Amino acid sequence: MTTTTSLIGAPIDRIDGAEKVRGAARYAAEHQFDRPVYVFPLQADIALGRITGIDTAEVRTEPGVVGVLTHENAPRLATDQDAELAILQSPEVAFRGQLIGGVLADSAEVARRAASLVRLSYEQRAHDVALHPARPDLVKPGELNGGFQTDTAAGDVDGAWAAAPVRLDATYTTPQEHNNPLEPHATIAIFSDGELTLYDATQGVHWVRDAIAAVFGMDPHRVHVVCPHVGGGFGAKGLPHAHVVLAAMAAQLVAPRPVKVVLTRQQMFSVVGYRTGTIQRIRLGSDSAGKLTAISHDVVEQTSRIKEFAEQTAVPTRVMYAAPNRRTTHRLVELDVPVPTWMRAPGEAPGMFGLEAAMDEMAIACGLDPVEFRIRNEPDTDPETGRPFSSRNLVACLREGAARFGWWERDPTPRARRDGPWLVGTGVAASTYPVFTMPGSRATIQARPDGRYRVLIGAADLGTGAWTALTQIAADALDVEMDDVMLSIGDTDLPYASGAGGSTGIMCWGSAIVDAARRLRAQLPNGEPIPDEGLEVTGAIPDNPYTGQLAMHSFGAQFAEVRVRTDTGEVRVPRLLGIFAVGRMINAKTGRSQLLGGMTMGLSMALHEHSVVDPRFGHVVNHDFAEYHIPTNADIGSIEVDWIEESDPYVNPMGAKGIGELGIVGTAAAIANAAYHATGIRVRDLPITLDKFLT
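Only a predicted model underlies this, so the values are computations on that prediction, with no experimental measurement involved. (Residues numbered from 1 in each chain as written. Predicted model: local features only at pLDDT ≥ 70, side-chain atom pairs only at ≥ 80, totals over all residues. Heavy atoms only, no water.)

Peer 1: How should I be thinking about empty space enclosed by the protein in this particular structure?
Peer 2: In this approach the atoms are scanned with a rolling probe the size of a water molecule, which exposes any empty space left behind. According to the stated counting rule, one finds two cavities of 30 Å³ or more in the structure shown. Here the residues of the lining of the largest cavity sort into five nonpolar, five polar and two charged. Taken as a whole, the second largest cavity holds about 30 Å³ of empty space. Around the second largest cavity sit Thr-152, Ile-295, Thr-317, Arg-318, Arg-326, Arg-327 and Thr-328, which together line it. Contributing elements (two or more residues each) for the lining of the second largest cavity: helix H8 (317-320) and strand E15 (325-335). (1 Å grid on protein atoms, 1.4 Å probe; cavity = no way out; pocket = protein on both sides within 12 Å on 5 of 7 lines; lining within 4 Å. Points joined across faces, edges and corners; volume = space filled by probe spheres on them. Nonpolar A, V, L, I, M, F, W, Y, C, P; charged D, E, K, R; others polar. Helix = DSSP H or I, 4+ residues; strand = E, 2+ residues; numbered from the N terminus.)

Quick look at the structure:
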C-alpha cells in the first residue's frame, strides 16, 4: 500500500514506546544468560603513583568468589596506543579512580563485598589537578575534537580592539560537568571459540567493535556487539571506556561463562569521561554604531596527562558574527585526572555560554537592544571561510522568538521589574551547531513478495526516537506505510553505521536508507511487483557535492525569564522559549522532545551542574545524585519549543539538520543574561548559584 501524504515531519508516536513501558525493551545489563559472572571493578585510591602490593588472601576465601583480576594476571593487550583502554598492563596509577582490577563472583553482591576486602598498598607521587590560566606549562593541541584547527586569526585583532570606541574584555568559566544518563554504563562479555560478543550500552556498536578489536589484536569480524536500546548517552557512551576492556578481560579468564560489569553511579564519575572545565577570555570591540570590529576568544581547558582531549570551545565563535579582525585560540593544561570526553554539544555548549554572555554585555555597552545588536552583526557569509551558508535563519529565529516572548515590551533597565520578593529579568542568546557527516554508513533493504520491507543498519537509539524516525524515513522513501517497514538496528551483524554523535545519527543513517530505497525503486520501474524470490539492495551515504562549497549549520534563538529572590538569592526559571532553524523536521513529536530535553539540560548547566574536585586527593567529591545536582520536574517551568519552516536541499537527501545538541546551546547564556537583567549582577562563572548574588 502506498502512502497518500509524506511521513516526514509527522508527529508519530514512538514505535518502541509500548515495549519500553512493558519493560520488554532489553538494555545492556538486562540480556539473560545462564551462570553469569559478575565483576566489581577495583579503583585506585591515589591520584598518582604505583601499586606496590595487592593482598587478596581474604577475598579468595569468600564463598562465591570466582577470581581476582589485576595487572599481575590480566591478559596482555595487543596495543597500548589508547592509554585510557590499556588497563591492567602495569602497576602505574595515572589518576584516582583508574581501573586497577576487578573481583569476579557468582553474584553482584558477593563481588561488591569481596572487592572491599582487597588490600592495596601504593607508592604515591605528588599529583597536579589544578586548572588555572596562568600556568607556564600550557600545551597547544595538534587539533581540536572534530578535527578543527587549534587556532585561527584574521586581521589585526589587538590593534582593532585597542582602537575600538566600545570595548569588552571579560573572562567566563564553566566547570567540569559529568554525563549522567539514566542507564549506567554496562557491558556483558562472552568469549567463545575465539570470538568475543559484547552486549554494551553504547552510542555506536561498530565504534565499540573496532576499538576493542584493536586493543585485543582481534579480527573485527570476530567481535560481535549488540545494543538495541540505550538509556541515554549524551556523548559518554560514544566511544568505549575502560570498563568494556575489563569485562572482555574477565570473560577471557572464565570462558565460556558470560561476564557482567555494571558501573555504579559513583564509578561513572571517574571512568566514563566528563566535560572539561574551561576558562574563556573574550574581547569584543565595536564602532559607535554597534558593528563589531574585533573578536577574540582565547580558551584554557584541561585534559588528562595520559590522553589528550581538546574540546573545540571557541569554534562556534568563528561562525557566529561578522567582524574583520578575528582570533580564536585553545590551550590545554595536562593534569593527573581522568580523560575528558564528549558531553552533549561539545565545544558549542561551553563556548557559546562565553560568547553569548559577552554579546549581551557588549550590546548594553553599545546602548543597543541585545536582539538588535545580534542582528546588526549578522554575517553575509561564513566569517571563517567566506563560504555562503546553505541556509542561515538566525535572524528569523531571533525575530520570531522576540515576538512570541514579548521581548519588545521589556524595560531594559536592570532591577526594574519586581514581583514581591522576586527580581524578574529576561535574557536572550543565540544557538548554533554544525551539520556534520560521518562517513561509511550503509543500509540494506530487503523487499518481500508480500509487500513488506526489512531495513537493516547498525544504528543506535539512545532513547531519542531513532527506531521511529528511521522507519519514517524508510517508509517515506519507499512510498509505503510505516507498518510495511521492519527495522533492525543496534548490531554489528548489520551493515556498518557510524555512531550517534555530533547530531549526525539520523542524518547519516537516513541518507543511507534513502539511497538504498532509491536503488530498490530503480530496480522496480513503473511499479513492477517484487519478484517471488524477493529483492535486496544496499545503499550508502551519497557524496555531497556541496561539501566544501557551503557552510552548513543549524541555528536558533533562546529566550529566558529568570527570577531571583532578594533575601536568599534563590534562582528560578519560570519560562524558556526556543525557536530553531533545523531544515526539515523528521518527526515533529520526537524532534520537539529532543529540543525540549536539550533546553532542560542547558538549564541544568546554567543553575546546577558542577563537578567539584578535591585537590588533596584528585577526585570528584560530589559523585552521586545527592550532591551532583541536575534538575527535576520541580525545577522546570514552562518550556516552549518551535521551529521555523526552512528548506535546505544542500545538507543531505532529507534536507534535515541535526537537533540533538542544538537545544542545549545558548540556554545557559540566555539564563545568565536574564539573571543580570533581573539583578544588575553579572555572573560570568557557571553555575549560577545563590551565593553569587549575595555580595
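So, next bit.
Peer 1: Just checking my understanding: could you explain the environment of Ser-498 for this structure?
Peer 2: Residue position: Ser-498 is located in the loop between strand E20 (485-488) and helix H13 (505-522). Residue class for Ser-498 comes out buried when judged on its relative accessible area of 2%. Along the primary structure Ser-498 and Arg-442 are separated by 56 residues, whereas in three dimensions their C-alpha atoms are 9.0 Å apart. If near-sequence neighbours (up to four positions away) are discounted, Ser-498 is found in contact with Trp-207, Met-438, Pro-439, Ser-441, Cys-508 and Trp-509. (Buried < 20%, exposed > 50% of the residue type's maximum accessible area, 1.4 Å probe, protein only. Contact = heavy atoms within 4.5 Å.)

Peer 1: Help me understand the environment of Tyr-199 in this model?
Peer 2: Mapped onto the elements of the fold, Tyr-199 is located in strand E10 (residues 195-200). Residue Tyr-199 is classed as buried on the basis of its relative accessible area, which comes to 15%. Taking the C-alpha atoms as reference points, Tyr-199 and Ala-186, 13 residues apart in sequence, are found 8.2 Å from one another. Excluding residues that lie within four positions of it along the chain, Tyr-199 makes contacts with Ala-28, His-31, Phe-33, Ala-186, Thr-187, Ile-188, Ile-190 and Val-226.

Peer 1: Is there a simple way to think about the packing of helix H14 (residues 588-607) against helix H15 (residues 667-679) in this case?
Peer 2: Each pair of packed helices can be described by the angle between their axes along with the distance between the axes. Between H14 and H15, the least distance of the axes is 7 Å, while the angle of their chain directions is 50 degrees. Taken as axis vectors, H14 and H15 run oblique relative to one another. As for how H14 packs across H15, the hand of that crossing is right-handed. Contact residues: Met-599, Gly-602, Leu-603, Met-605, Ala-606 and Leu-607 in H14; Thr-667, Ala-668 and Ile-671 in H15. Residue classes in the contact of H14 with H15 are distributed as seven nonpolar, two polar and no charged. (Axes fitted to C-alpha atoms, helices over the stretch in contact; angles between N-to-C directions. Parallel < 35°, antiparallel > 145°, perpendicular 65-115°, else oblique. Left-handed = near helix turned anticlockwise from the far one by under 90°.)

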